[in-house]
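Structural description and commentary
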Amino acid sequence: RYDASDKDRTTNLILACKKLDGKVIMPGETFSYNATLGPRSTATGYKNAKVYENGEVVDGIGGGICQISSTLYNAALMADMEIVERRNHQFVTSYVGAGRDATVVYGLTDFKFKNTRKYPIKLKASSVSGIATISIFGIKEEEREYTYTFKTNTISTIPFTTKYVEDANLKPGEEVVKQKGANGLVTQTYMTKMKNGKIISSQLLSKDTYSAMQKIIRRGKAKTTAVPENKPAGNEENKVQDKIDTNTQNDDKQENLIQ
């Protein structure tokens with residue numbers, strides 16, 4: 001599911017699905033998500049939407065298409081495809097659980113799977129009314145038609161930290177949360193293969209590490225108070241002057257003695 005009211009992100013999801021819809025993958029062929037979608041740019045119709053970059057959520061061209069690659073990843077798993085390349089996001093996503101995502105970055109990180117079946121398969125993809133759907137069609141092979149369940153265990157949690165950023169537009173002491181923090185996770189995801197209700201096998205699908213998302217707070221700069229110079233008090237000044245006078249008198253006496 002996705003927020004259909006976010007028009008720019010929705011546009012990106014629809015464009016990605018159109019690229020996938022009707023795609024035929026031959027037996028033994030390896031599918032590449034990046035090669036199928038091509039470059040993400042304004043020239044190809046993609047919009048700016050939220051992406052992860054340098055530990056923050058920022059606007060980036062093509063934001064949201066990782067939701068489609070993640071949906072395809074899960075469809076490929078359940079269609080008994082061989083996963084060739086898959087990488088988890090930097091942070092846990094909002095649209096799919098830990099261990100079930102597949103991030104992509106054009107020219108850097110791809111999602112790939114191989115059609116290990118005897119016959120071609122065909123992708124059907126759509127993003128309509130807040131729901132992204134991907135189906136894989138092909139000729140059934142009774143000996144390898146299974147159902148699957150998935151379980152993700154959290155091995156450890158990575159606590160998030162808080163960062164304060166001075167903002168001259170805010171009143172002194174005023175604070176505004178720019179980015180909510182979220183704990184990171186180290187997880188292990190298992191896939192169980194079943195046929196006619198009986199467990200055929202259970203295997204470790206992936207071990208993933210998700211960074212903690214830093215909480216960022218904008219804060220108004222506190223006013224600085226001028227600190228007065230440390231001057232001697234009145235009596236101290238008099239004492240210093242008295243000492244100077246005494247020393248001067250002593251010098252005079254010494255001078256007279258020498259003469």
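What you see is a predicted model; the values in this text were computed from it and never measured. (Residues numbered from 1 in each chain as written. Predicted model: local features only at pLDDT ≥ 70, side-chain atom pairs only at ≥ 80, totals over all residues. Heavy atoms only, no water.)

A word on the pairing of strand β13 (residues 198–210). For strand β12 (residues 184–195) and β13, the ladder comprises eleven bridges, and the chain directions are antiparallel. When the bridges of β13 are listed, V186 appears paired with T209. Linking β12 to β13, which pair antiparallel, is a turn of two residues; within it N196 sits at a positive phi near 55 degrees. (Pairing = 2+ DSSP bridges. Helix = DSSP H or I, 4+ residues; strand = E, 2+ residues; numbered from the N terminus.)

A few words on the pattern of salt bridges. Enumeration over the complete set of coordinates arrives at ten salt bridges. Between D80 and R144 there is a salt bridge, with its nearest N and O atoms 3.1 Å apart. In this pair, D80 is assigned in the loop between α3 (65–78) and β5 (82–85) and R144 in the loop between β8 (131–138) and β9 (147–158), connecting sequence segments 64 residues apart. The same class applies to D80 as to R144, namely buried. With a closest N to O distance of 2.3 Å, R218 and D167 form a salt bridge. Highlighted residues: R218 in strand β14 (residues 215–220) and D167 in strand β10 (residues 162–167), separated in sequence by 51 residues. Here R218 falls in the partly exposed class, since its relative accessible area comes to 28%. (Salt bridge = Lys/Arg side-chain N within 4 Å of Asp/Glu carboxyl O. Buried < 20%, exposed > 50% of the residue type's maximum accessible area, 1.4 Å probe, protein only.)

Attention now moves to the layout of surface pockets. What the largest pocket holds in volume is close to 930 Å³. K50, V51, Y52, C66 and H89 are, among the 33 residues lining the largest pocket, the residues nearest its centre. Taken together, the elements giving at least two residues each to the lining of the largest pocket come down to β3 (48–53), β4 (56–61) and α3. Top element by residues in the lining of the largest pocket is β3. It accounts for four residues. (1 Å grid on protein atoms, 1.4 Å probe; cavity = no way out; pocket = protein on both sides within 12 Å on 5 of 7 lines; lining within 4 Å. Points joined across faces, edges and corners; volume = space filled by probe spheres on them.)

This next bit is on the packing of helix α1 (residues 7–20) against α3. In contact at an axis separation of 8 Å, α1 and α3 are set at 40 degrees when each is read in the N-to-C sense. Between α1 and α3, the angle falls in the class oblique. Relative to α3, α1 is oriented so that their crossing is right-handed. Contacts between α1 and α3 involve R9, N12, L13, A16, C17 and L20 from the former and I65, Q67, I68 and L72 from the latter. Of the residues that constitute the contact of α1 with α3, the class distribution is seven nonpolar, two polar and one charged. (Axes fitted to C-alpha atoms, helices over the stretch in contact; angles between N-to-C directions. Parallel < 35°, antiparallel > 145°, perpendicular 65-115°, else oblique. Left-handed = near helix turned anticlockwise from the far one by under 90°. Contact = heavy atoms within 4.5 Å. Nonpolar A, V, L, I, M, F, W, Y, C, P; charged D, E, K, R; others polar.)

This paragraph deals with the environment of M78. Relative to the helices and strands, M78 resides in helix α3. Expressed as a C-alpha distance, the spacing of M78 and M191, which sit 113 residues apart in the sequence, is 9.8 Å.

One key point about sheets: their strands pair by backbone hydrogen bonds, in either a parallel or an antiparallel sense. Judged by pairing direction, the sheet is antiparallel, and its three strands sit side by side in the order β1-β7-β8 without closing on themselves. Each end of this open sheet is capped by a strand with a single partner; those strands are β1 (24–25) and β8. When strand β7 (residues 121–128) meets β8, the two strands line up antiparallel, connected through eight bridges. The residue of β8 that forms the bridge with S126 is T133.

On to α3, then. Across its 14 residues, α3 extends 20 Å between first and last C-alpha, which sits within 8% of the 20 Å expected from 1.5 Å per residue. Within α3, twelve of the 14 residues are buried, which leaves the element mostly enclosed by the surrounding structure. Along α3, the residues classified as buried are I65, C66, Q67, I68, S69, S70, L72, Y73, N74, A75, A76 and L77. At the exit of α3 stands D80, carrying a positive phi of roughly 65 degrees. (Expected span 1.5 Å × (residues − 1).)

Sheet architecture is open: three strands sit in the order β10-β14-β11, paired in mixed fashion. Two strands close off the open sheet at either side, each with one partner strand: β10 and β11 (175–179). This sheet shows a mean twist of 30 degrees between the axes of neighbouring strands, independent of strand direction. Across four bridges, β11 lies against β14 in antiparallel orientation. Across the sheet, residue E175 finds its bridge partner in β14, namely R219.

In this model α1 runs 20 Å from its N-terminal to its C-terminal C-alpha over 14 residues, within 8% of the 20 Å that 1.5 Å per residue would give. Within α1, the full set of buried residues consists of R9, T10, N12, L13, A16, C17 and L20. An end-on view of α1 places all buried positions within 155 degrees of arc, on one side of the element. Relative to its buried face, α1 has exposed residues pointing more than 90 degrees away, namely K7 and K18. Check the buried side of α1 and you find it contacts β2 (30–32), α2 (33–37), β3, α3, β7 and β8. (Arc of directions from axis to C-beta.)

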